[in-house]
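As a plain string of letters, each chain reads:
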Amino acid sequence: FKQKTAYEICACLVGSEMCIRDRSGASDVDTDGDGVSDCADACPLDAAKTAPGVCGCGAADSGCGCNVTPLAAGSCAAVRAAAGIAADESARYVLFAPDGGIAASVELPAGAIETRGDERVALRLVAPSAAAAGDEQLHSAAALDLSLAHADAARTPTANGVALERAARVCLPPLRAAPAAALCLAFRDAQSDGALKCFEAALEADEASGLLCGRVPLLTRVQLVRASRHTSLAPYVSGVEPRVLPADGAAPLRIAGGHFDRGVLVGARLGDAPLDVAQCRVLSARAIECDAAPAGRGDELPLELDFSVAGAADMRAHAALAGAVSYAAPLIHAVELVGDELHVRGEHFGPAGALHDAAVLVDGVRCAEPRVLAADALLACAPPAALLAKRSAPAARHHAHTVAVRVHRHAAPVRSSPAHYVRRCAAESEFRCADGACVSSEARCAACASGWALCPLGRPVLPAGGHCVSAREHAAAPAGAFDATLDATAPFALAIGDAASLAAAAHAGPPGYKHCVSVSAPAAAAGFASAVYNVSVAHEWRGRAQLSLTPLDASADAYGLCMARWNCDSARWECVDESLEAAAAPHGERLAGDVPVRAGDNLYALIEDNCPGVLNPSQLDSDGNGVGDACDAQSGLVAAARDRSAGNVKYVAKILKGSSTVYLSLIHI
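These lines cover the structure that appears in this document, whether it is placed above or below. Remember, it's a predicted structure, so these values are computed and weren't measured experimentally.

Before going further, it helps to examine the overall build of the chain. Helix and strand content of the chain: seven helices and 47 strands. Put simply, the chain has 669 residues, and 42% of those count as buried. Accessible surface, the chain: about 32800 Å² in total, of which carbon and sulfur atoms supply 54%.

Printed below as a string of structure tokens:
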């Protein structure tokens, strides 16, 4: 070019074309064919424009706005899109203000909506009514109506408008100065009787136009308003049940809160573990139910939920509740040395994998490399060298180290008791039982249905969450829920809280056999004359045990009540003793009866006998009249039998008011 001194030459690249311009501006390159050379055309690829103007190159300027045409000649109040939108296309529409500025703009990203046939996006500025003009809540001079002109009949809009697959960006001018954080884009919500509600998307200022912009998931009427708790539709979580989950997560989760129906649940997390949203159902605006929580461990974990707003995949609402759920605290069943490793057996240790460094302490010293070997039930670690050295000392056979387990990093540890520590048996022919006892391979180990480790006979009672105590200590402060290791060859009596006791004679099991009793007392339920007690054993007892219960009604006597046991096979309460008597002193207020003790759970309670005076263990009442079938056959007894809670004297007094035939019959009996 240095040799071409006759011309001042410039070069510019337009698309794939090179144009050359001399002093006169002459050029033979005109890409868009509009008669203006590319070097003189500010929009060389737009045949309709030579300058971008407000709308920019490639965007039609109708005088009312960009990419829009007026619906009525001479008026720019309502316009529609100049063209339809394909599924993979984006679109931008602008409405001009009378002063030449921008009154509103809408940007639809690719995939937001695909128009069908003659459908076009329509825009209309709506001035506020006289009543609303002075409303301090409103912050835009006019609302922007977004809709579909000539909408396809097959398209079904929501109650609030046409749902978008991806959120649109809408910009409106603020009516008066206010920080963007204090405002929101709002719509009239049909579900709230037309109240203004926010889309909950943060606004941002567009410096070029001076408008405030935010995202909306619907084609609907939109305006700027002051955000408040009354305008919010953001989902929130107020509570979770249960608050404590098993470590395997095998429990349904019910989430309470609000506005759950305003979007689609697309994600959920419990602590760091994801919840499978495919197993969760939005039951209502205030409730979500998930079939199962993830297996895990931790204390006071947060619950987080993510929703797509009104179905728009790229617009999300987030709800969270701190300290929503904890996993169950670990339980220690047994501790033993296996080679050079310490094994701790129990429950609620969480999923298999490594634990934090301080998860297991032995006599206050960290056990290295703690990890869960079998999910929920077995963890292992490398014990301190001092523990391995002590194992070979003569005194080691009689020393139980304290093992502390804390799988939840911030929770209090659970500590082992002497009953948990399992030692090797001296004789090769002996078998080690769960309670540390060594028996021959032919003998039976004691087993506890509840899963607690057994306590030694010298300190046989283990209250829930505590350490083994002696029978005397237990009697001084009886627990309502506990396990007890019992010698089947000796009689025993156990206090169950302050309101009940369980006793059995000697030889409830075979000679040399020990058994474990688990006792718990749920709260009293309607329809029962006492609290309901659960006695759980691993093997069926010989003979019967005696159970003494305190009636809820202190004035009740033995007549008209029976000792009942829940029959799992027939699914009903059945009387196992209909001849109750007062318990021995000092518990004369209790009623005692003999009960069978089967393997597994045994539920006992005092109930009203529906046919007192007649042997009626099944308590069948076929016609549901409150009187057992055994009494229905004796018509003269029906009225009297209805008041079964009264004592024998009151019962006979009622009979005296009946027919003489019934009276004589009773005297004969």
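And the narrative resumes.
Turning to the pattern of salt bridges, a few remarks are in order. One pass over the full model with this rule turns up 19 salt bridges. Glu304 is the partner of Arg269 in a salt bridge, and the nearest nitrogen-oxygen pair spans 3.7 Å. Of this pair, Arg269 sits in strand S19 (residues 263–270) while Glu304 sits in strand S23 (residues 301–309), and the two are 35 residues apart along the sequence. The class for Arg269 is partly exposed, based on a relative accessible area of 27%. A network of salt bridges, in which partner residues are shared, links Arg92, Glu107, Arg169 and Glu204.

This part covers the nonpolar core. Core analysis: the largest hydrophobic core is formed by 64 residues, its most contacted members being Tyr93, Leu108, Leu123 and Leu305. With six residues, the top contributor of residues to this core is strand S10 (residues 162–172). The contacts of Tyr93, once residues within four sequence positions are left out, are Cys66, Asn67, Val68, Ala81, Ala83, Ile85, Ala104, Ser105, Val106, Leu108, Val121 and Leu123. Formed by 31 residues, the second largest nonpolar core is a distinct cluster that contains Val469, Ile496, Met563 and Tyr604.

The full count for this structure, using the stated rule, is five aromatic pairs. Measuring from centroid to centroid gives 5.8 Å for Trp566 and Trp573, while their planes differ by 65°, and the two rings are edge-to-face. The structure contains a cluster of three or more aromatic residues connected by ring pairs, namely Phe528, Trp566 and Trp573.

Taken as a whole and judged by the stated rule, the model has nine disulfides. Disulfide partner of Cys562: Cys575, at an S-S distance of 1.9 Å. The sign of the S-S torsion, about -60°, decides the handedness of the disulfide formed by Cys562 and Cys575: left-handed. Highlighted residues: Cys562 in strand S43 (residues 561–567) and Cys575 in strand S44 (residues 572–577), separated in sequence by 13 residues. By the burial criterion, Cys562 is buried, and Cys575 matches it.

Rules and cut-offs
Residue positions are counted from 1 within each chain, in the order its sequence is given. Thresholds applied to this predicted model are a pLDDT of at least 70 for local features of residues and 80 or more for the giving and counting of side-chain atom pairs; totals over whole chains, interfaces and linings are not thresholded and use all residues. Only hydrogens and water are set aside; all other atoms, that is, all heavy atoms of the structure, feed into the side-chain values. Secondary structure elements are taken from DSSP: a helix is a run of H or I of four residues or more, a strand is a run of E of two residues or more, and numbering for both begins at the N terminus. Any residue under 20% of the maximum accessible area for its type is buried, any over 50% is exposed, and the rest in between are partly exposed; the area is computed with a 1.4 Å probe on protein chains only. Computed by Shrake-Rupley with a 1.4 Å probe, the accessible areas treat only the displayed protein chains as cover when residues are assessed. Here, a salt bridge means any side-chain nitrogen of Lys or Arg that lies within 4 Å of a carboxyl oxygen of Asp or Glu. We define the nonpolar core as a collection of buried residues of types Ala, Val, Leu, Ile, Met, Phe, Trp, Tyr and Cys that are connected through side-chain atoms lying within 4.5 Å of one another. Only heavy atoms matter for contacts: two residues are in contact if any of them lie within 4.5 Å across the pair. Any Phe, Tyr or Trp ring, taking Trp's six-membered ring, that has another such ring centre within 6.5 Å forms a pair; planes under 30 degrees apart are called stacked, those over 60 apart edge-to-face, and the others tilted. When two cysteine sulfur atoms are found within 2.5 Å, that pair is recorded as a disulfide.

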